[in-house]
Amino acid sequence: YHIIKGFFNSRKESLMKRICAALAAFMMIFTVSCAHEAEQITSDALPPPLPAVSVSAVGELSEEVRGAWIASVYNINYPSRPDLTADELKSEFDAILENALRLGLNTLFFQVRPCDDALYSSELFPVSSYLSSDGKIQFDPLAYAVSECHSKGIALHAWVNPLRVSVKKSDSREAALSALPQDKGAALSPELLVFYGDGKLYYNAGVPEVCELVKKCVTEIVENYDVDGIVFDDYFYPYPTYGAEFDDADAYAKYGNGAERDDWRRENINMIIKACHDGIKAIRSNCKFGVAPFGIWQNDNGSNKGSETSGLEGYSSLYCDALAWAREGYVDYLSPQLYWEFESASAPFGKLCEWWNASLDGTECDFIPSLASYRYDEDWSERSGEMQNQLRASRRMITYRGAVFYGFAALCANSSGISDEVNSAYKSEYLYYPASPYIDKISVSYPKNGMTFSADSVTVSGYSDPENALTLDGKAVSRENGGAFSVNVPLIKGENKLTLSCGGYEISVTVYGE
């Protein structure tokens, strides 16, 4: 039986026995019908896939991640203000844990480096100003968080901002530099920094020393703390400021090697991601590494295989090629920030969820979308059911392995019913459907060869081998758990040859448009 690749690597043998035993009993007692797939398949009946395998309890190999981002920048979630006593810091984190358990969460993504600082004991970076105003660490929040989380069966991933140096605006480079702590970190290496048009400082990713520094940052954490993972968010090259240019001309002249500047910048980020992955795995192979990129990779221009969206692109604006990291095996998971609603005109949630699912299918990278619980405190206050529907849609995806909520306070307060929706969505266990021995690599249910259509499109549906990615005419297809697919394809007048490929197997269906 196939067991999904999950976050935790302990107790694998016992888990296998438990799942196989449960599956055997399940097969003897029940006949499983796949109602959702049946709704989409409109022709001859196919043999049913194997019965579903439920994921295990918290902390096991194939756990569904139910997570939350805990932000320290601007003292959003923790700590509530600088200069709390050790007892106050413990009490605040205990409250976070209590709420996480009440909400049914099993993973926290705790921000320990909001900029060029640390909410832990570091030889490299100064103590975060969000923790202490005098630069002294009297209490180690990360050490306490790891210990307390693990004692309660909750995983903890250390959230790091690798390149952001400052978050407060300054009028000049000199003013920004003088505002930094002078004993550690960026102030000691100003030649590595760029002052950008938003009034903030950033590490210059085009300088090799910066890549090494970011690697040292994550390896220092993994060496000294028993974290379950390291995660970066979407901040790499800065978000564009109108009329401003990121001044990396000298680094580009020295290290560009004739590449186009945009390609060179993307490769700089690729090298950082790879270096961090390799550094983490060399210390502890079971420590996960992930990134939460901006939710739009590229907008589809007809040839780049981007999403059906029309917003800012992580690929061209932040120079992040998240798909390259997944394909090359540099990340264990991606948590794209899908902070839009289903009805968004520029970036509809459903389209993006399916696009990321299709794009990660066939890689070893898990899809763990970040979802916008914070918007229930803002413009989603009247949008009843949005989060519940987003979770349900995400859980159907073949690459889905969990979700992370940004907006912990909204969840704790049940703002506009957000936690009620999450609890409702999580009432049903997450089920994974193994490959069926009764179905070929690809089985097309509809349409049949030779059919004619007056409409300008047709929905192609069927089953495919879940172990291998599926493409239709060379484009990745979003599939549901178990390998079921249903994709709308435009038609031209006359002959339309639709070619599907999966695991080296290819099948074609020819239909006609009137």
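Above this note sits the structure.
Only a predicted model underlies this, so the values are computations on that prediction, with no experimental measurement involved.

Draft legend 1. The packing of helix α6 (residues 208-224) against helix α8 (residues 261-283), seen in detail. It is at 9 Å that the axes of α6 and α8 come closest, and there the two elements cross at 30°. As the angle between them shows, α6 and α8 are arranged roughly parallel. In the crossing of α6 with α8, the sense of the turn from one axis to the other is right-handed. Residue-level inspection shows C211, V214, K215, V218, T219, V222 and E223 of α6 in contact with α8, the latter providing M271, I272, A275, C276, G279, I280 and I283. Tallied by class, the residues present in the contact of α6 with α8 amount to 10 nonpolar, two polar and two charged.

Draft legend 2. Broad picture of unusual backbone geometry. In this model, Y78 is joined to P79 through a cis peptide bond whose omega is -15°. Each neighbour pair has its own omega, and for Y446 with P447 the value is 5°, a cis peptide bond. Its place among the elements puts P447 in the loop between β15 (442-446) and β16 (452-453). Phi angles above zero are rare outside glycine, and N414 is one such case at about 55°. Structurally, N414 can be placed in the loop between α13 (408-413) and α14 (418-425). Of note, the phi angle at S416 is positive, near 50°, even though the residue is not glycine. As for its placement among the helices and strands, S416 is situated in the loop between α13 and α14. Residue S416 is classed as partly exposed on the basis of its relative accessible area of 38%.

Draft legend 3. Inspection of the nonpolar core at higher detail. Ranked by size, the top nonpolar core spans 127 residues in total, and within it I221, F232 and W325 carry the most contacts. For F232, the contacting residues outside a window of four places in its chain are V160, P162, V214, V218, I273, C276, F289, G290, V291 and A292. In terms of nonpolar packing, the next biggest core, distinct from the first, is built from 16 residues, V444, F453, V458 and L500 among them.

Draft legend 4. Spatial organisation of the sheet that holds β16. Spatially, five strands are ordered β16-β22-β21-β18-β19 in an open sheet, and the strand pairing comes out mixed. In this open sheet, the two edge strands, each paired with only one partner strand, are β16 and β19 (475-476). Relative to strand β22 (residues 505-513), β16 runs parallel, the two sharing two bridges. The residue bridging F453 from the neighbouring strand is G513, located in β22.

Draft legend 5. Here's a closer look at the pairing of strand β21 (residues 494-502). Sheet topology note: the strand β18 (residues 470-472)/β21 ladder contains three bridges and is antiparallel. Within the sheet, the bridge partner assigned to L470 lies in β21 and is C502. When β21 meets β22, the two strands line up antiparallel, connected through nine bridges. For E495, the partnering residue across the bridge sits in β22 and is Y512. Between the antiparallel neighbours β21 and β22 lie two residues, among them G503 with a positive phi of about 60°.

Draft legend 6. Geometry of empty space enclosed by the protein. Within the structure shown, the criterion is met by two cavities of 30 Å³ or more. Reported here for the second largest cavity is a volume of approximately 30 Å³. Lining of the second largest cavity is provided by P293, F294, I296, W297, G314, Y315, C320, A322 and W356. For the lining of the second largest cavity, the residue count by class is eight nonpolar, one polar and no charged.

Draft legend 7. Quick peek at the pattern of salt bridges. Under the counting rule described, the total for this entry stands at 17 salt bridges. Between R265 and E245 there is a salt bridge, with its nearest N and O atoms 3.1 Å apart. Within this pair, whereas R265 is found in helix α8, its partner E245 is found in the loop between β7 (229-232) and α7 (249-255), the two being separated by 20 residues in sequence. When its relative accessible area of 4% is taken as the criterion, R265 is described as buried. Look at E245 and you get exposed, because its relative accessible area is 52%. Across the salt bridge formed by R261 and D248, the nearest N and O atoms sit 2.5 Å from each other. A residue pair is termed long-range when its members are at least 10 positions apart, and R261 in helix α8 and D248 in the loop between β7 and α7 qualify at 13 residues.

Draft legend 8. Spatial organisation of the sheet that holds strand β20 (residues 484-490). The three strands are arranged β15-β17-β20 in an open sheet whose pairing can be described as antiparallel. Unpaired on one side and paired on the other, β15 and β20 mark the two borders of the sheet. For this sheet, the mean angle separating the axes of adjacent strands, direction not counted, is 30°. Note: β15 against strand β17 (residues 457-464), four bridges, orientation antiparallel. Within the sheet, the bridge partner assigned to V444 lies in β17 and is G462.

Draft legend 9. Examining helix α12 (residues 386-395) more closely. By the criterion of burial, α12 is predominantly enclosed, with eight of the 10 residues buried. Where α12 is concerned, the buried positions are E386, M387, Q388, Q390, L391, A393, S394 and R395. The secondary structure elements touched by the buried residues of α12 are β2 (65-70), β10 (337-338), α11 (349-360), β12 (370-371), β13 (402-405) and α14.

Draft legend 10. Inspection of the environment of K184 at higher detail. Summarising the element assignment, K184 is placed in the loop between α5 (173-178) and β5 (193-195). For the pair K184 and F125, spaced 59 residues apart in sequence, the C-alpha to C-alpha distance is 5.4 Å. A distance of 2.6 Å separates a polar atom in the side chain of K184 from the backbone oxygen of S122.

What counts and what doesn't
- Counting starts from 1 at the beginning of each chain's written sequence and moves along it residue by residue.
- A pLDDT threshold of at least 70 governs which residues receive local features in this predicted model, and a stricter bar of 80 or more applies before side-chain atom pairs are shown or counted, although totals over entire chains, interfaces and linings include all residues.
- Excluding hydrogens and water, the side-chain figures rest on all heavy atoms present in the structure.
- Fitting a line to C-alpha atoms yields each axis, with helices limited to the stretch in contact; the angle taken between N-to-C directions then spans 0 to 180 degrees.
- In this text, helices come from DSSP runs of H or I with a minimum length of four residues, and strands from runs of E with a minimum of two, each type numbered from the N-terminal end.
- Reported orientations rely on four angle classes, namely roughly parallel under 35 degrees, roughly antiparallel over 145, roughly perpendicular from 65 to 115, and oblique for the rest.
- Should the near helix be turned counterclockwise from the far one by less than a right angle, the crossing is left-handed, whereas a clockwise turn marks it as right-handed.
- Contacts are assigned to residue pairs that have any heavy atoms within 4.5 Å of one another.
- For this classification, the nonpolar set comprises Ala, Val, Leu, Ile, Met, Phe, Trp, Tyr, Cys and Pro, the charged set comprises Asp, Glu, Lys and Arg, and every other residue, Gly included, is treated as polar.
- Only protein chains enter the accessibility calculation, which uses a 1.4 Å probe; a residue is then buried when its area is under 20% of its type maximum, exposed when over 50%, and partly exposed in between.
- The nonpolar core is taken to be a set of buried Ala, Val, Leu, Ile, Met, Phe, Trp, Tyr and Cys residues, with the residues joined through side-chain atoms within 4.5 Å.
- In this scheme, strands are said to pair when DSSP sees at least two bridges between them.
- Only protein atoms enter the 1 Å grid, on which a cavity is a set of points fitting a 1.4 Å probe that cannot get out and a pocket is an open set with protein on both sides within 12 Å along at least 5 of 7 lines, lining residues being those with an atom within 4 Å of a point.
- Grid points are joined across faces, edges and corners, and a volume is the space filled by probe spheres set on the points.
- For this document, the term salt bridge refers to a Lys or Arg side-chain nitrogen within 4 Å of an Asp or Glu carboxyl oxygen.
- Under the rule applied, a polar contact is a pair of N or O atoms within 3.5 Å (in protein, one hydrogen donor and one hydrogen acceptor; residues adjacent in sequence only if both atoms are side-chain atoms).

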